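Topology and contacts: notes
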Amino acid sequence: QVQLVESGGGLVQAGGSLRLSCAASGRTFSRLNMGWFRQAPGKERELVTTIGWRGESRYYVDSQKGRFTISRDNAKNTVYLQMNSLKPEDTAVYYCSASTETIMRTMPRSSAYWGQGTQVTVSS
């Protein structure tokens, strides 16, 4: 089993930055694929970005291009999401995920482990 704990969310003004962290425990972190989802009120959960166990990253939300960066530190069992130039539309609960499978936007929730989420609120 894998346990995930997110941190780093909060309230920030538009144009500001946040770095989310996701600390993992319970199994070998270095061989897990990791990802960040987000869900805004009244909206469907969407896949934001993923990073594979070899460090390859992918981004799935066009509006985040050039603003968000995912990274991982296997020595610390932690994945990060650096968010710059934040916009009000980035407001959501951000969830960390982990899986031995490839993380996809349509993957069943049961196919991955999940953190409790961290709230990101961007004011205008």
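Details of the structure are given in the entry above.
We now turn to the structure provided with this report. (Residues numbered from 1 in each chain as written. Predicted model: local features only at pLDDT ≥ 70, side-chain atom pairs only at ≥ 80, totals over all residues. Heavy atoms only, no water.)

1. Structural notes on the overall build of the protein
Helix and strand counts for the protein stand at zero helices and eleven strands. Overall, the protein shows an N-to-C arrangement of helices and strands of β-β-β-β-β-β-β-β-β-β-β. Taking 2.2 N^0.38 as the reference for a compact globule, 124 residues should give roughly 14 Å; the C-alpha atoms of the protein span a radius of gyration of 13 Å, in line with that estimate. Overall size of the protein, expressed as C-alpha extent along the three principal axes, is 40 × 30 × 25 Å. Counting the 124 residues in the protein, one finds 44% classified as buried. Put simply, 58% of the contacts in the protein that link residues at least 6 apart link residues at least 24 apart. About 6,600 Å² of surface is accessible on the protein, with carbon and sulfur atoms providing 45% of the total. Considering the protein, the positive charge centre built from 15 side chains and the negative charge centre built from 9 side chains are found 4 Å apart. (Helix = DSSP H or I, 4+ residues; strand = E, 2+ residues; numbered from the N terminus. Rg over C-alpha atoms; globule rule 2.2 N^0.38 Å. Buried < 20%, exposed > 50% of the residue type's maximum accessible area, 1.4 Å probe, protein only. Contact = heavy atoms within 4.5 Å. Areas by Shrake-Rupley, 256 points an atom, 1.4 Å probe, with all protein chains shown as cover. Lys, Arg positive; Asp, Glu negative; His and termini not counted. Charge placed at Lys NZ, Arg CZ, Asp CG, Glu CD.)

2. A closer look at the pairing of strand β7 (residues 68-73)
With burial as the criterion, only one face of β7 is covered, namely that bearing F68, I70 and R72; the residues T69, S71 and D73 on the opposite face remain uncovered. With six bridges connecting them, β7 and strand β8 (residues 78-83) associate as antiparallel partners. Each residue of the ladder has a partner; that of T69, found in β8, is Q82. Here β7 folds back onto β8, and the loop between the two strands holds four residues, one of which, N77, carries a positive phi near 55°. (Pairing = 2+ DSSP bridges.)

3. Considering unusual backbone geometry
Its identity is not glycine, yet N77 carries a phi of approximately 55°, on the positive side. In this fold, N77 is placed in the loop between β7 and β8. Here S85, not a glycine, exhibits a phi torsion of approximately 50°, which is positive. Along the chain, the position of S85 falls in the loop between β8 and β9 (92-99). In this structure S85 comes out as partly exposed when scored by relative accessible area, which is 39%.

4. A closer look at the state of the cysteines
As enumerated under the stated definition, the model contains one disulfide in all. Linked covalently through their sulfurs, C22 and C96 form a disulfide whose S-S length is 2.0 Å. Judged by the sign of its S-S torsion, about -80°, the cystine formed by C22 and C96 is left-handed. Placement of the pair is C22 in strand β3 (residues 18-25) and C96 in strand β9, with a sequence separation of 74 residues. The residues C22 and C96 share a single accessibility class, namely buried. (Disulfide = S-S within 2.5 Å.)

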